[in-house]
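Summary of the model geometry
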Amino acid sequence: MCFFCPPKNTNIRISLPAVCFVWQIAMIVLFGVFIRYDAESDIRLWLQLKHTNNITSDIENDFYFRYPSFQDVHVMIFVGFGFLMTFLKRYSFGGVGFNFLIGAFGLQWALLMQGWFHALDPTTGKISIGVEGLINADFCVAASLIAYGALLGKVSPVQLMVVTLFGVTLFAVEEYIILNLLHCRDAGGSMVIHCFGGYYGLTISWILYRPKLHQSKRLNGSVYHSDVFAMIGTLFLWMFWPSFNSAITDHGSGQHRTAINTYIALASSVLTTVAISSASEKRGKLDMVHIQNATLAGGVAMGTAAEFMITPYGALIVGFCTGIISTFGYLFVSPFMEKYLKIQDTCGVHNLHALPGMLGGFIGAIVAAAATEEVYSREGLIETFDFEGEFADRTVGTQGGFQAAGVCVAIAFAVVGGAVVGLILRLPIWGDPADDNCFDDEVYWEVPEDEEGIPPVLEYNNHMTHKHQDISESNFSVEQS
Amino acid sequence: MCFFCPPKNTNIRISLPAVCFVWQIAMIVLFGVFIRYDAESDIRLWLQLKHTNNITSDIENDFYFRYPSFQDVHVMIFVGFGFLMTFLKRYSFGGVGFNFLIGAFGLQWALLMQGWFHALDPTTGKISIGVEGLINADFCVAASLIAYGALLGKVSPVQLMVVTLFGVTLFAVEEYIILNLLHCRDAGGSMVIHCFGGYYGLTISWILYRPKLHQSKRLNGSVYHSDVFAMIGTLFLWMFWPSFNSAITDHGSGQHRTAINTYIALASSVLTTVAISSASEKRGKLDMVHIQNATLAGGVAMGTAAEFMITPYGALIVGFCTGIISTFGYLFVSPFMEKYLKIQDTCGVHNLHALPGMLGGFIGAIVAAAATEEVYSREGLIETFDFEGEFADRTVGTQGGFQAAGVCVAIAFAVVGGAVVGLILRLPIWGDPADDNCFDDEVYWEVPEDEEGIPPVLEYNNHMTHKHQDISESNFSVEQS
Amino acid sequence: MCFFCPPKNTNIRISLPAVCFVWQIAMIVLFGVFIRYDAESDIRLWLQLKHTNNITSDIENDFYFRYPSFQDVHVMIFVGFGFLMTFLKRYSFGGVGFNFLIGAFGLQWALLMQGWFHALDPTTGKISIGVEGLINADFCVAASLIAYGALLGKVSPVQLMVVTLFGVTLFAVEEYIILNLLHCRDAGGSMVIHCFGGYYGLTISWILYRPKLHQSKRLNGSVYHSDVFAMIGTLFLWMFWPSFNSAITDHGSGQHRTAINTYIALASSVLTTVAISSASEKRGKLDMVHIQNATLAGGVAMGTAAEFMITPYGALIVGFCTGIISTFGYLFVSPFMEKYLKIQDTCGVHNLHALPGMLGGFIGAIVAAAATEEVYSREGLIETFDFEGEFADRTVGTQGGFQAAGVCVAIAFAVVGGAVVGLILRLPIWGDPADDNCFDDEVYWEVPEDEEGIPPVLEYNNHMTHKHQDISESNFSVEQS
């Protein structure tokens, strides 16, 4: 604790409820004005659609194409990201709990923002939502959760709400530019989700640089069980990533191929991550940080290219390389960034999201540019790259160029937006923790007294706690005696 | 330990195996007499059905409409409810383990009970089961698991088997009255599952009131890691609730709309729960009990209305209000109930299930009564409310009235049934724990000696273990001295 | 620590990265030469297929029949098996982490091995993969993960890679013999997965027998929280087993019926496991080892018969018996095997996989032999048992005989293959741990210093950490003094 400066005020009793209430009420009003069921979830419109289009079976409803993938994505957002962030010894509540809070807020705001850009009916002024809208909302919020990874333990929940409000807004705009104006394909979001989210978080972290963060060093690490909790997050992300990348790709072979490519790339990442992790320790021991994170890099890097005909061995190569790059990132880039670039990146989102996302964008550009009619067939090229309407004459080469441009747009939005948001977050009104109080759930959570052993009665309890400490310190006494 | 009364006998070595064996053998006999595959899971009948109805594709089998939702529901029942109940520091085995036991028993009994009421072929006297039957069995058992939440830590597994046997039986009868006789709609079970299950458990807990429960106070709370385990349960419940509510709704737009409404309501609950939880602590700190439970209230409260055209903002409002109400319940109603009504509700099922379920039933009644042909279309109204056969002339107003009556039936069954079961459970033959032994896995489980740190060598180990035992048994020594 | 022999060298800094890199590069080359998308995941071929076969809807793509089941299976492989093996107090990293590593490697090798045997196009020399191929790869790797269960804590990750390389190879060959040459049905893999995997692991464990394993006894057990982690594995296995058994069965009623049968059998297992576990302890206390494992035996034993018309009560009986047998296995057979047969089976895979798998094979044989046209219809018999082509004239009796022969083939491959692999693993080059170092993550993982309580200030922290190290290394100091 710093004795020369007044302690920071981390009381959020007014600000957090205020933000939650005001924003939730705003959501209700805006949903009331704008949001309606789409033609596949509105009973009247669906019956009408069935009559008009001679749909004979309810199984043709988009729900049955996408709902299983939606639920997998939903698990990734809340259990995957949430538990991945429980790895700190005393910030598991904050990791999984704030992830839950900002996820739940962000997806509402995302339904609106993405609706305005993508699903607004110009005649009625209403947004139609269906299962694809829910998936897109989850995707949109993923970018802000990635940004949270860079900020974990250093910000207040009120700040996180601000990060998410702006994050979702920026996301919707950059996504509109990349997918609609540049007409890029990015089903799994290498560019729009991972690259954007990663650099957005890193830029905010850079602006919020804490030179005295080492005062919380004792808490900036894991304990045995918190590492096992984090593996829950890792595994659900790893297992369901094929669903993430394929959730909104084309029906039929599109979803099928995307899932296969992602599955293969992820398998490959695991082996190279293990290899580099082992090779970097003097006795070959593995580091849980690498296993928890770098194993996922293959999924990030396949976010754009997985729906293309990258071929199974192409997917393996992508996973191979990104597993190596990501692990090297944890070994060398993160320490470098912290020391020289003043970027404190708690979860290493640079190595798991920002960099592999950027690479994934460029891989997508290359694979798109290399597409041929021989492999895709003419009809297949049109379906895969959506060469229709005003884009009917676009060549695959041009498409590749636009894909690459998309990466730059994502980074630009992330850095500029992140800088602005970072500056806003430096206002002294958000209740963020002091430098010696970071990574500590005590600040924002009622934490139970932690006695694994069970003290019997209350008076005794106090007594006991005392005793208990004696014992847990008995390495002292035993050795001293 | 009480020195003036004989210690309770918690030996269940005869009773638990006896109950398990006898009931399981009864299940085998009854399944043999009654249960058969339905037309979509029997190879002969399915081939026949395809020929008769000109079904060209196997994808029309109900399996593909419902199986993904079924698996989500299954996860909610066993991981969701199970892990939500691991929050106590020393009752995690009992929380997840007994949930597993009574879930596995209950679903078998539910297949029979529900079958007799809903799927009995009058000509053959056989019950047909398919994937919808499995979902309904999971639903049925959910009510008993909710009741377990009120009793957690205070009853023996044999008592839980009794609670489940009667719980499933009562459920099947009240469900038959509500869904068939009153012709209510209640796809997600606000009334039949949550309201019934909650009040059933509360009534039993009231009958089993333990005035000296404070003797186990030291164990009636969480430790850091047990709270993280409970978040696994919370999140899987929260994420999969859209599947819960939509699992047995109408194919097509019905399932689609129900999932959307539930997703939206749940998101809204999270924000108001956080707001109230923070506002109620002097420094704005969040309470894990609220985050683990009240965030789910939106899903409970949408159990009836989610399949109606409640509109997205209507769903937001429901989540908004029930998040507040549920958190207030944890803050004020539970302590009040314990002190003045003599109801000890370990998990606060009143606030998460009973009350939001009751509200959900009334919300459903209102939304049903407000339905119009303009919104649903004539055909849509008939499909949504099943206005066919003897109910062809029912108006939405009448329907609303019957929906409200359904809530009362559910509560009546819960209270009367719970009182009877509670009295049965007071017989001194069930092996329940003493007042100072509640919330303790030691009673019914072989618990490993808990040494997180690993004593290095064996002599030292014994030394250490010895010391450790001294302490853990020192409640005796201290009280005696 | 042994003073008379040089300490074993557990340094895997060269060998593990080398194996990972070389094998991963080999995978890339072999995938490049052999593996292609199948007709339902290749855009050109899928469009062609739709035109040729008049497929009007993308929902007919096999992806929509199998992908939800695939993801459930995927969860079983990585979270189910992985977390089930976290039960040891200090081997949770190794349990879930090495499971992850060998799973990710094994599924790549499985795609190739199974492809060569089942999906090689003789004209092009290419293997076509789709979602069914992914499921089969997960199945194939499951056998090696089961074998890992017998070896848990006693082998190095390099050895596990060897176990998996040979395990997958042997699996593909025995599967080809059983499914193609003998024309058995074994959708859920009682024979090919569980029986083979179990005996394969047991045989390896027998060859690697460690007479002095008691030196690691202090670590060969659970702590409270590690048992709760293991329940995550148990429950995901238990819940998703219906998907495991039905994942590759026939579309339509086949998948539907298989899921129902497995669900029912598993429920029954839970009750008899609880009964025997309780009856075997003097106060009726339950043992977590039984609950974590034997409850799953019903799923294993239904691996072959679940797709047949075994009837719901038949499924209950199977679960009833195998729950009992498996629990008895943990109580009596495992200690017997360790003492007299010199087989050290860490997770008791004999009782959960080998024996129930073998029984499941024979149950399948009996149910197949008892099939009648009356129950299945002629067309149904042909569809269920695939009596087509050269097998068009096979009777159900003959089929039963071949099914039984399949069990023997699986065991023969497991024992002979396991013996060879065991001998290879005895070479002193694999970096396996010493007898007093088994079940210890310290050997292959960088384990965080474990201080659950957080020492308040920094000087103290250093002091504490220093002392703590003294203790954890005091096996040296104590023994030396």
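Residues numbered from 1 in each chain as written. Chains lettered and ligands numbered in written order. Predicted model: local features only at pLDDT ≥ 70, side-chain atom pairs only at ≥ 80, totals over all residues. Heavy atoms only, no water.

Per an unreviewed UniProt entry, chain A is named Rh family, C glycoprotein a, and its organism is Gasterosteus aculeatus aculeatus. The annotation that UniProt attaches to chain A under Subcellular location (unreviewed entry) is "Cell membrane". Heading Function (unreviewed entry) of the UniProt record for chain A holds this comment: "Functions as an ammonia transporter. May play a role in the elimination of ammonia in the gill." (UniProt positions renumbered as here; feature names shortened; annotations may be inferred.)

Details of the sheet that holds strand E1 (residues 35-37) of chain C
Residues and elements named next belong to chain C. Read from one edge to the other, the open sheet built from three strands follows the order E1-E3-E2, with strand pairing classed as mixed. Every other strand in the sheet has two partners, leaving E1 and strand E2 (120-121) as the edge strands with one partner each. With two bridges joining them, E2 and strand E3 (residues 126-129) adopt antiparallel strand pairing. Within E3, the residue paired with Asp121 across the bridge is Lys126. (Pairing = 2+ DSSP bridges. Helix = DSSP H or I, 4+ residues; strand = E, 2+ residues; numbered from the N terminus.)

Notes on the interface of chain B and chain A
Of the residues lining the interface, 90 residues belong to chain B; the matching set on chain A comes to 91 residues. Here chain B meets chain A over a buried area of about 7,800 Å², counting both sides, of which 72% is carbon and sulfur. On the chain B side of the contact with chain A, Tyr224(B), Tyr263(B) and Leu271(B) bury the most area, a combined 12% of that side's loss. Taken together, the connections running from chain B to chain A amount to zero salt bridges. It is helix H9 (residues 253-279) of chain B that contributes the most residues to the side of chain B that touches chain A, 19 residues altogether. Classifying every residue of the side of chain B that touches chain A by side-chain character gives 46 nonpolar, 25 polar and 19 charged. (Contact = heavy atoms within 4.5 Å. Buried area = accessible area lost by both parts, 1.4 Å probe. Salt bridge = Lys/Arg side-chain N within 4 Å of Asp/Glu carboxyl O. Nonpolar A, V, L, I, M, F, W, Y, C, P; charged D, E, K, R; others polar.)

Describing the packing of aromatic side chains
One pass over the full model with this rule turns up 90 aromatic pairs over all chains. When the centroid spacing of 6.0 Å and the interplanar angle of 80° are considered together, the rings of Trp109(B) and Trp116(B) count as edge-to-face. The class of Trp109(B) is buried, set by a relative accessible area of 12%. Aromatic ring contacts, followed pair by pair, group Phe63(A), Tyr64(A), Tyr67(A), Phe70(A), Phe65(B) and Tyr263(B) into a single cluster. (Phe/Tyr/Trp six-rings, centres within 6.5 Å; stacked < 30°, edge-to-face > 60°. Buried < 20%, exposed > 50% of the residue type's maximum accessible area, 1.4 Å probe, protein only.)

Describing the sheet that holds strand E2 (residues 120-121) of chain A
Residue and element names in this part refer to chain A. Read across the open sheet, the three strands follow the order E1-E3-E2; overall the sheet is mixed. In this open sheet, the two edge strands, each paired with only one partner strand, are strand E1 (35-37) and E2. Docked against the sheet, helix H1 (residues 15-34) engages E1, E2 and strand E3 (126-129), running at close to 55° with respect to E1. Where helix H4 (residues 92-118) meets the sheet, it contacts E1, E2 and E3, and its direction lies at approximately 110° from that of E3. (Axes fitted to C-alpha atoms, helices over the stretch in contact; angles between N-to-C directions.)

Points about the UniProt feature "domain: Ammonium transporter AmtB-like" (unreviewed entry) in chain A
Look at the UniProt record and you will see "domain: Ammonium transporter AmtB-like" (unreviewed entry) annotated at residues 63-429 of chain A. Each end of residues 63-429 of chain A is marked by a C-alpha atom, and these two atoms are 44 Å apart; helix forms 73% of the span and strand 2%.

Considerations on the pairing of strand E3 (residues 126-129) of chain B
Residues and elements named next belong to chain B. Residues Ile127 and Ile129 of E3 are buried on one face, while the alternating residues Lys126 and Ser128, pointing to the opposite face, are not. Inspection of the sheet shows strand E1 (residues 35-37) paired to E3 by three bridges, in the parallel sense. Bridged to Tyr37 within E3 is Ile129. Hairpin connection, strand E2 (residues 120-121) to E3: the antiparallel pair is bridged by four residues, and Gly125 has positive phi, about 70°.

A look at the interface of chain C and chain A
Contacts between the two partners involve 92 residues from chain C, matched on the other side by 85 residues from chain A. Regarding the contact of chain C and chain A, the summed buried area is about 7,700 Å², with carbon and sulfur atoms giving 70% of it. Run the count over chain C and chain A and you get zero salt bridges. Summed over the shared surface of chain C and chain A, the result is 28 residue pairs in polar contact (both at pLDDT 80 or more). (Polar contact = N/O pair within 3.5 Å; in protein donor to acceptor, adjacent residues only side chain to side chain.)

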